[in-house]
Amino acid sequence: MKKVSVSFTLNGDAVTAEVPVTWTLLKTLREHFELTGAKEGCGVGECGACTVIVDGEAVNSCLYPIFEIEGKSVTTIEGLANEDGTLNPIQQAFLENNGVQCGFCTSGMIMSAKGLLDHNPEPTEDEIRSSIAGNFCRCTGYVQIVEAIDMAAKTLK
Ligand code: FES
Ligand code: FES
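Residues numbered from 1 in each chain as written. Chains lettered and ligands numbered in written order. Predicted model: local features only at pLDDT ≥ 70, side-chain atom pairs only at ≥ 80, totals over all residues.

A. View of the environment of Lys157. Inspection of the secondary structure puts Lys157 in the segment after helix 5 (143–156). Taking the C-alpha atoms as reference points, Lys157 and Ser61, separated by 96 residues in sequence, lie 28 Å from one another. In contact with Lys157, other than residues within four places in its own chain, are Pro121 and Glu122. (Helix = DSSP H or I, 4+ residues; strand = E, 2+ residues; numbered from the N terminus. Contact = placed C-beta atoms within 7 Å.)

What follows is the structure, given as structure tokens:
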């Protein structure tokens, strides 16, 4: 299969990957870089489990063609914790508010929350709910997740 070489920034490091031209960002993250935090749920842009940040915006990496990543900056859940291993305040707030059950949706939820809070540090509950409207959770009923994002906003402030 025809391959493409792409160079971009991944969790703060300059990286290059040569992968099949048909691969998505999600497939490249999981299979080339072995970063398996972003999950493949639906694979068609409907569940949000694959959410990562590209150039400051939360995107569905399952829909993102790898050849479009050239020169961009990608942050995944693996890039959120601090260098000393302590959790990012959004991760910590999910733990403290029981926003994690099976965990399948969690990295996508947290990256969508990061996309929101990076642009809007004081979101209303409606804005929090809208920011995760594309992220499905089968377990929590969403209340704890909304509370977690609200706590994270207050901590980050
Ligand atoms: S796996 Fe990407 S939106 Fe569902
Ligand atoms: S915690 Fe299980 S899908 Fe959200």
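B. Representation of the environment of Cys139 within the structure. As for its placement among the helices and strands, Cys139 is situated in the loop between helix 4 (125–131) and helix 5. Of the residues examined, Cys139 has 15 C-beta atoms within 10 Å and is grouped as partly exposed. Distance in space between the C-alpha atoms of Cys139 and Asn82 is 28 Å, their sequence separation being 57 residues. Beyond its immediate chain neighbours, meaning those up to four positions away, Cys139 contacts Gln101 and Cys102. (Buried ≥ 20, exposed ≤ 12 C-beta atoms within 10 Å, placed from the backbone.)

C. Representation of the packing of helix 3 (residues 106–119) against helix 5 in the model. Packing of helix 3 against helix 5 brings their axes to within 11 Å, and their N-to-C directions diverge by 45 degrees. In terms of orientation, helix 3 and helix 5 fall into the oblique class. Considering only the axes of helix 3 and helix 5, their crossing is right-handed. Of the residues in helix 5, those touching helix 3 at Met109, Ala113 and Leu117 are Ile145, Ile149, Ala152, Ala153 and Leu156. When its residues are assigned to classes, the contact of helix 3 with helix 5 shows eight nonpolar, no polar and no charged. (Axes fitted to C-alpha atoms, helices over the stretch in contact; angles between N-to-C directions. Parallel < 35°, antiparallel > 145°, perpendicular 65-115°, else oblique. Left-handed = near helix turned anticlockwise from the far one by under 90°. Nonpolar A, V, L, I, M, F, W, Y, C, P; charged D, E, K, R; others polar.)

D. Geometry of the sheet that holds strand 1 (residues 3–10). Strand order across the open sheet formed by five strands is 2-1-5-3-4, with mixed pairing between neighbours. Both outer strands of the open sheet, strand 2 (13–20) and strand 4 (57–60), are each paired with one neighbouring strand and no more. Between one strand axis and the next, the sheet turns by 45 degrees as a mean value, whatever way the strands run. Of the pairings in the sheet, the one linking strand 3 (residues 51–54) to strand 4 comprises four bridges and is antiparallel in character. In the sheet register, Ile53 faces strand 4, and the bridge partner there is Ala58. Contacts between helix 3 and the sheet are confined to strand 3 and strand 4, with strand 3 contributing the most and set at about 35 degrees to the helix. (Pairing = 2+ DSSP bridges.)

E. Fine view of the nonpolar core. If you look at the biggest cluster of nonpolar residues, it comprises 41 residues, and the most contacted ones within it are Ile69, Met109, Ile110, Ala113, Ile149 and Ala152. When residues in this core are grouped by element, the largest group, six residues, is from helix 3. There are two domains that each give this core at least three residues, and those are domain 1 (3–79) and domain 2 (89–156). Leaving out residues up to four positions away in the same chain, Ile69 has contacts with Val6, Phe8, Leu25, Tyr64 and Val74. (Core = buried A, V, L, I, M, F, W, Y, C linked by C-beta atoms within 7 Å. Domains from an automatic or database assignment.)

F. Focus on helix 2 (residues 89–96). Within the sequence span of helix 2, burial applies to Ile90, Gln91, Ala93 and Phe94. Taken down its axis, helix 2 places every buried residue within 165 degrees of arc, on the same side. Where helix 2 is buried, its residues meet helix 3 and helix 5. Phi turns positive, to about 55 degrees, at Asn98, one or two residues after helix 2. (Arc of directions from axis to C-beta.)

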